[in-house]
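Observations on the model geometry
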Amino acid sequence: MTDADLLRSLGVGPSQLDPAPPWAPRQSAGAKRLDGNHPCVGCGQPARATGVVTVPGSGRRWLDRCMPCLIVTTPRGGPRALLTDTLAALPEAARQAHFTVTITIDEP
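Here goes a summary of the coordinates provided. Only a predicted model underlies this, so the values are computations on that prediction, with no experimental measurement involved.

A look at the overall build of the protein
- Assigned secondary structure in the protein consists of four helices and two strands.
- In sequence order, the protein lays out its α and β elements as α-α-β-β-α-α.
- By the compact-globule yardstick of 13 Å for 108 residues, the protein is too spread out, its C-alpha radius of gyration being 20 Å.
- Taking as baseline every contact in the protein between residues at least 6 positions apart, the subset at least 24 positions apart corresponds to 51%.

If you want it as structure tokens, here you go:
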């Protein structure tokens, strides 16, 4: 996910974010932003995490988020399983959780 994609997922335009310094900020610069005075760009709650995004045409901007918004908008890495592999694993996972499942697949 690019920085521009991240901002789109949050529904935030780069102009809504505070300009960040042109150099890579030290941890102390980010920690100073987490003083309770910067709201999460996603929901408005106090930010508990901050970072810098770079968007063409807008430069470097601070991206302040609360923990729930950070978690929701953090890309999950790793390869994705094929749908057939996921469906094959579901009955065993349900059995271990003491559930009964019926899987129906509509194929054209």
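Some points on the nonpolar core
- Listed in full, the eight residues of the largest apolar core are Leu6, Leu7, Leu10, Val12, Leu17, Val53, Val55 and Leu63.
- If you list the elements that add at least two residues to this core, you get α1 (3-10) and β1 (49-55).
- Broken down by element, this core gets its largest block of residues, three residues, from α1.
- Residue contacts for valine 12: discarding those within four places in its chain leaves Leu7, Leu17 and Val41.

Some words on the environment of aspartate 18
- Counting through the fold element by element, aspartate 18 comes out in the loop between α1 and α2 (27-33).
- Owing to a relative accessible area of 36%, aspartate 18 belongs among the partly exposed residues under this scheme.
- A sequence separation of 78 residues divides aspartate 18 from glutamine 96, and the C-alpha atoms of the two residues are 49 Å apart.
- At 3.0 Å, the side chain of aspartate 18 and the side chain of arginine 33 are in polar contact.

Concerning the pattern of salt bridges
- Applying the stated criterion across every chain, the model contains four salt bridges.
- Close ionic contact of aspartate 18 with arginine 33 constitutes a salt bridge, the shortest N to O distance being 3.0 Å. Residue aspartate 18 is located in the loop between α1 and α2, and its partner arginine 33 is located in helix α2; the two are separated by 15 residues in the primary sequence.
- Relative accessible area serves as the criterion here: at 9%, arginine 33 is assigned to the buried category.
- Aspartate 64 is the salt-bridge partner of arginine 33, the closest N and O atoms lying 2.6 Å from each other. Of this pair, arginine 33 sits in helix α2 while aspartate 64 sits in strand β2 (residues 59-65), and the two are 31 residues apart along the sequence.
- Of the residues examined, aspartate 64 reaches a relative accessible area of 5% and is grouped as buried.
- A cluster of three or more residues bridged by salt bridges with shared partners is formed by Asp18, Arg33 and Asp64.

About the criteria used
Residues numbered from 1 in each chain as written. Predicted model: local features only at pLDDT ≥ 70, side-chain atom pairs only at ≥ 80, totals over all residues. Heavy atoms only, no water. Helix = DSSP H or I, 4+ residues; strand = E, 2+ residues; numbered from the N terminus. Rg over C-alpha atoms; globule rule 2.2 N^0.38 Å. Contact = heavy atoms within 4.5 Å. Core = buried A, V, L, I, M, F, W, Y, C linked by side-chain atoms within 4.5 Å. Buried < 20%, exposed > 50% of the residue type's maximum accessible area, 1.4 Å probe, protein only. Polar contact = N/O pair within 3.5 Å; in protein donor to acceptor, adjacent residues only side chain to side chain. Salt bridge = Lys/Arg side-chain N within 4 Å of Asp/Glu carboxyl O.

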